[in-house]
Amino acid sequence: MRIKVIFYAPKLPILYRNRFMSLIKDSLEKSDSAYKEKLYPDKSQEITKVVKPFCFCVTIPASRQTKKEKIIIDKDFEIEDTVFYFLDTGYVSLIVSSSDYEFMVNLYNGLLENKSFQFSDELTFMLKRIFMLNEKKIENDSVTFKTLCPALIETKDGKPILPSDNVEDFNIEFNAIHDRIFKDIRGYGLKRALEFEPLSLKKQVVKHTLKGFREKTGKPYMTLTCFEGSFRLSGDPEDLRLLYQIGIGLRTGQGFGMVEVC
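Residues numbered from 1 in each chain as written. Predicted model: local features only at pLDDT ≥ 70, side-chain atom pairs only at ≥ 80, totals over all residues. Heavy atoms only, no water.

Asker: Give me the lowdown on the overall build of the chain, citing residues and values where you can.
Answerer: The helix and strand inventory of the chain stands at six helices and twelve strands. Over its C-alpha atoms the chain spans a radius of gyration of 18 Å, differing by no more than 12% from the 18 Å that the globule rule assigns to 262 residues. Looking at the chain as a whole, 48% of its 262 residues qualify as buried. Here the analysis covers contacts within the chain between residues at least 6 apart in sequence; of these, 73% occur between residues at least 24 apart. Roughly 13400 Å² of accessible area belongs to the chain as shown, and the carbon and sulfur atoms make up 46% of that amount. Side-chain charges of the chain comprise 40 positive and 37 negative groups, with the mean position of each set lying 4 Å from the other. (Helix = DSSP H or I, 4+ residues; strand = E, 2+ residues; numbered from the N terminus. Rg over C-alpha atoms; globule rule 2.2 N^0.38 Å. Buried < 20%, exposed > 50% of the residue type's maximum accessible area, 1.4 Å probe, protein only. Contact = heavy atoms within 4.5 Å. Areas by Shrake-Rupley, 256 points an atom, 1.4 Å probe, with all protein chains shown as cover. Lys, Arg positive; Asp, Glu negative; His and termini not counted. Charge placed at Lys NZ, Arg CZ, Asp CG, Glu CD.)

Structure below.
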């Protein structure tokens, strides 16, 4: 399932993913607090990290200007960085995809209660429209995808790995990550190994911030080495459909790894 949420906004800071994460969590809380707590457990609970059965991306108008100005992340962190100003149409779109019907219903209902989204103290997004998107059908064991937002693959020790580094090594890490994610989401791993074939990809370094990261490191943001573009993925059709719904790679619930069928 996929939905598209359109907001009116005059500008958007480059560090935006964390705020849309908050919007998703707040929407789930409004709709079903018990479900939100299951997906985002309190730190006091034994299990605090839950694999998220969704991905999201944010799209902004092509007609825009960039300025360097002050960005307040929270009361303890303030930086000067890029802010996108929209020239013609100031519409920001949030696209969310999930394999979990309960998640999508709760998110949709919670979003309907939000007539506006307080991005920051001085920036408010006004909700314009929410609608369902049609999913592409995946019936074959090979499909060409394109990323809608950068995708992140890392080794076990947290080092980024790109398809351009070594495709064979990349495939090993790619399979290990998704086998683990699938086990958490549906109870069993990949039905068969995935084969990733780069078509037209480029490296993309992304600035990203999380409250826990700031508290732990004292730094305002992290930089993640990702890739974006088009690639061919072969595997079991059921596995390919699930990847299409929940995204590829790591941090999909933080605005990374959403893909579309070419």
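Asker: Mind laying out the sheet that holds strand β4 (residues 64–74), listing which residues take part and the relevant values?
Answerer: Pairing within the open sheet is antiparallel, and its three strands lie in the order β2-β5-β4. For this open sheet the edge positions go to β2 (11–13) and β4, each flanked by a neighbour on one side alone. For this sheet, the mean angle separating the axes of adjacent strands, direction not counted, is 35 degrees. Summarising the sheet, β4 and strand β5 (residues 77–86) pair through ten bridges and their orientation is antiparallel. Its bridge partner being in β5, I72 is matched across the sheet by E78. (Pairing = 2+ DSSP bridges. Axes fitted to C-alpha atoms, helices over the stretch in contact; angles between N-to-C directions.)

Asker: Run through the side chain of K36, naming residues and quoting values.
Answerer: Its place among the elements puts K36 in helix α2 (residues 33–39). There is no salt bridge for the buried K36, and the closest opposite charge comes from E29, which lies 4.1 Å off by N-O distance. Contacts of K36, omitting those with residues within four sequence positions, involve K25, L28 and E29. (Salt bridge = Lys/Arg side-chain N within 4 Å of Asp/Glu carboxyl O.)

Asker: How would you explain the pairing of strand β7 (residues 116–120) if you had to name every residue and give the values?
Answerer: In terms of strand pairing, β7 meets strand β8 (residues 123–133) through four bridges, oriented antiparallel. Looking at the pairing, F117 lines up with F125 of β8. Connecting β7 to the antiparallel partner β8 that follows it, the hairpin turn spans two residues.

Asker: Tell me about the pattern of salt bridges, and name the residues and values.
Answerer: Opposite charge on two side chains allows them to pair when their charged atoms are near. Tallied over the full model, the rule gives 13 salt bridges. The partner of K136 in a salt bridge is E260, with the nearest N and O atoms 3.9 Å apart. Here K136 is found in the loop between β8 and β9 (142–147), whereas its partner E260 is found in strand β12 (residues 259–261), with 124 residues between them in sequence. Across the salt bridge formed by K191 and E238, the nearest N and O atoms sit 3.1 Å from each other. Of the two residues, K191 sits in the loop between α4 (167–186) and β10 (195–208) while E238 sits in helix α6 (residues 237–246), which places them 47 residues apart along the sequence. Residue K191 is classed as partly exposed on the basis of its relative accessible area of 46%. Judged by its relative accessible area of 27%, E238 falls in the partly exposed class.

Asker: Describe α4, listing the residues and the values that go with them.
Answerer: In this model, α4 (20 residues) spans 27 Å end to end at C-alpha, consistent with the 28 Å of a helix rising 1.5 Å per residue. F170, N171, E173, F174, N175, I177, H178, I181 and F182 are the residues of α4 that are buried. Turning to α4, the residues buried within the fold contact β10, β11 (222–234) and α6. Where α4 begins, one side-chain oxygen reaches toward the backbone nitrogen of E168, 3.0 Å away; that side chain belongs to N166. Taken from the residues just after α4, G187 is the one with a positive phi, measuring 95 degrees. (Expected span 1.5 Å × (residues − 1). Polar contact = N/O pair within 3.5 Å; in protein donor to acceptor, adjacent residues only side chain to side chain.)

By themselves, these observations are geometric and do not establish any function.
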